[in-house]
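What follows is the residue order along each chain.
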Amino acid sequence: MDNYQYHIYSPYRVCPLGAHVDHQHGLVTGFAINKGVDLWFNVRDDSKVRLTSSSFEGKVEFDLAMRSEVREKHWGDYARGAKYALKKRFDLTRGIDGVIKGSLPVGGLSSSAAVLIAYVMAFAKANGIRLQPFEVVQIASEAEREYIGLNNGILDQACIALGRKDGLLFLDCDSNDYRIISRNVNMPDFEIGIFFSGLTRSLVNSDYNLRVYECKTAAWNMLAYHNQPLKTFDKTFLRDIPKETFDKTRDMMPLRFARRASHFYSEYRRVRQGVTAWETGNLQLFGKLSFDSCESSIHNYECGSPELISIYNIIRPLQGVYGGRFSGAGFKGAVIALVDPKYKEQIENELTEKYLKEYPEYTDTFKVYWVRPDDGARFVASEKRN
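Described in the following lines is the structure provided in the data block. (Residues numbered from 1 in each chain as written. Predicted model: local features only at pLDDT ≥ 70, side-chain atom pairs only at ≥ 80, totals over all residues. Heavy atoms only, no water.)

The subject of this paragraph is the overall build of the protein. Helix and strand counts for the protein come out as 10 helices and 13 strands. Taken over the C-alpha trace, the protein has a radius of gyration of 21 Å; the compact-globule value for 386 residues is 21 Å, and the two agree within 12%. For the C-alpha atoms alone, the extent of the protein along its principal axes is close to 60 × 55 × 45 Å. Burial status across the protein gives 57% buried among its 386 residues. Excluding contacts between residues fewer than 6 apart, the proportion of contacts in the protein whose partners are at least 24 apart in sequence is 72%. Accessible area for the protein stands at about 16700 Å²; split by element, carbon and sulfur atoms hold 47% of it. Distance between charge centroids for the protein: 2 Å, based on 51 positive and 48 negative side chains. (Helix = DSSP H or I, 4+ residues; strand = E, 2+ residues; numbered from the N terminus. Rg over C-alpha atoms; globule rule 2.2 N^0.38 Å. Buried < 20%, exposed > 50% of the residue type's maximum accessible area, 1.4 Å probe, protein only. Contact = heavy atoms within 4.5 Å. Areas by Shrake-Rupley, 256 points an atom, 1.4 Å probe, with all protein chains shown as cover. Lys, Arg positive; Asp, Glu negative; His and termini not counted. Charge placed at Lys NZ, Arg CZ, Asp CG, Glu CD.)

Pairing in this open sheet of four strands is antiparallel, and the strands run E9-E10-E8-E11 from one edge to the other. Looking at which strands have only one partner, the edges of the open sheet turn out to be strand E9 (321–327) and strand E11 (367–371). For this sheet, the mean inter-axis angle between neighbouring strands, taken without regard to orientation, is 20 degrees. Here E9 pairs with strand E10 (residues 334–339) via six bridges, running antiparallel. The residue of E10 that forms the bridge with Gly-323 is Leu-338. Docked against the sheet, helix H9 (residues 306–315) engages strand E8 (191–196), E9 and E10, running at close to 15 degrees with respect to E10. (Pairing = 2+ DSSP bridges. Axes fitted to C-alpha atoms, helices over the stretch in contact; angles between N-to-C directions.)

What follows is about the packing of aromatic side chains. Scanning all chains against the criterion turns up 21 aromatic pairs. A ring pair is formed by Trp-220 and Phe-233, whose centres lie 4.8 Å apart and whose planes are at 55 degrees; its orientation type is tilted. A residue pair is termed long-range when its members are at least 10 positions apart, and Trp-220 in helix H5 (residues 208–225) and Phe-233 in the loop between H5 and helix H6 (243–249) qualify at 13 residues. By relative accessible area, Trp-220 is classed as partly exposed at 30%. (Phe/Tyr/Trp six-rings, centres within 6.5 Å; stacked < 30°, edge-to-face > 60°.)

Burial within E8 is extensive, with six of its six residues counted as buried. Burial of the side chains of E8 extends over both faces: Glu-191, Gly-193 and Phe-195 are buried on one face and Ile-192, Ile-194 and Phe-196 on the other. Examined bridge by bridge, E8 and E11 share five bridges and lie antiparallel to one another. When the sheet's bridge partners are listed, Gly-193 is paired in E11 with Trp-370.

Orientation of helix H7 (residues 255–279) relative to helix H8 (residues 283–299), taken along the N-to-C sense of each, is 170 degrees, at an axis distance of 9 Å. Comparing their axes, H8 and H7 come out roughly antiparallel. Between H7 and H8, the contacting residues are Arg-259, His-263, Ser-266, Glu-267, Arg-270, Gln-273, Gly-274, Ala-277 and Trp-278 on the first element and Leu-285, Phe-286, Leu-289, Asp-292, Ser-293, Ser-296, Ser-297 and His-299 on the second. Among the residues making up the contact of H7 with H8, the classes are represented as five nonpolar, eight polar and four charged. (Parallel < 35°, antiparallel > 145°, perpendicular 65-115°, else oblique. Nonpolar A, V, L, I, M, F, W, Y, C, P; charged D, E, K, R; others polar.)

A positive phi is found at His-20, a non-glycine position, where the angle reads about 60 degrees. Positionally, His-20 belongs in the loop between strand E1 (6–14) and strand E2 (27–43). Backbone geometry at Asn-227 places phi at a positive 55 degrees, although glycine is not the residue there. Note on Asn-227: relative accessible area 72%, which makes it exposed.

Ranked by internal contacts, the top residues of the largest apolar core, which has 120 residues, are Tyr-119, Phe-123 and Phe-195. With 13 residues, the top contributor of residues to this core is helix H2 (residues 111–126). The contacts of Phe-195, once residues within four sequence positions are left out, are Ile-311, Ile-315, Gly-333, Ala-334, Val-335, Ala-337, Ile-347, Leu-351, Lys-367, Val-368 and Trp-370. (Core = buried A, V, L, I, M, F, W, Y, C linked by side-chain atoms within 4.5 Å.)

When you tally the buried positions in strand E6 (residues 167–172), you get six out of six residues, the bulk of the element. Of the pairings in the sheet, the one linking E2 to E6 comprises four bridges and is antiparallel in character. The residue bridging Gly-30 from the neighbouring strand is Leu-169, located in E6. Pairing of E6 with strand E7 (residues 178–182) involves five bridges; the strand directions are antiparallel. Within the sheet, the bridge partner assigned to Phe-170 lies in E7 and is Arg-179. Counting the residues that bridge the hairpin from E6 to E7 gives five residues, and of these Asn-176 lies at a positive phi of roughly 70 degrees.

Of note, Val-368 is situated in strand E11. For Val-368, a relative accessible area of 16% puts it in the buried group. The spacing of Val-368 and Phe-196 is 172 residues in sequence and 6.2 Å in space, taken between C-alpha atoms. Beyond its immediate sequence surroundings of up to four residues, Val-368 is in contact with Ile-194, Phe-195, Glu-348, Leu-351 and Thr-352.

Worth remembering: the numbers are spatial, not functional.
Structure (structure tokens):
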């Protein structure tokens, strides 16, 4: 892309522990990975935006100076979402000509958040706006919630913007405090397997938003049983309710709400334990906690397609797999796993054979990818990316 002055690389992300809790202000962990989205662009003298994509058909054109348009349910909505969130804070007078390209055509890695972060950074650069990394997180998250319509927390954007290749991101989604925990020198080497089921996904059209509402309803149930004042739905979070309150009320609320809350409180504990395991270099325990997280996702959060559950059940007993869980919302998409690199080929061969025997209809779309942690979203000087 030699014809473009600027190049932004925005990585995909994986979350080994902290599943489905960011929207309830829980604790999460994550990595940026060395596959992601590339955006090449030039700054225009006017406020027009013109984009093409190597992954999707058509061109996107709109004006940054105009009021935000209604969603078109098209890949250009993510650029318009970035514009929407930025214009709430800044004047935007200069647009871009650009082309965007994704490196992995799979769900479950938060490609939408990676794309949004790339656009936020590009529009800010074009207009001379200096943003700190966490400001990028907040603006991109707001775009996804308010414009795209996905009621998520800040996990995805935080991993993508703040990740470091030599450490684990640990984020408190209530206080927004975070730190990068460096790898212990005694920790064994690992790579991350991305096992794509072959079944495509869209979070906005899945049960993702429904699960968010169920978590909030569980919180309302607990407040009501204890005659506590109810807050508006948008300000109601499980994090604000002590686990002791849940223990006293779990048998009184409908089972589905009790299960959602049970996942939240148990995941909070697992993340705490996982951070300690990471700090001490205990990858075996860290991996086991990731497996336990997936079990809770299946039985308490009740997500996971039959395909994803099959992949999870196949990889769990395999030699060289430290741990793993569904990636993303976990309704379709992918399973991720932390693995010993010595066993990569063996794991891939055994998984492929067993999974396609069960689901031969995905022979052409089932994929296995191997990645490593990487640094977060950044401007690239001259390096070429595949």
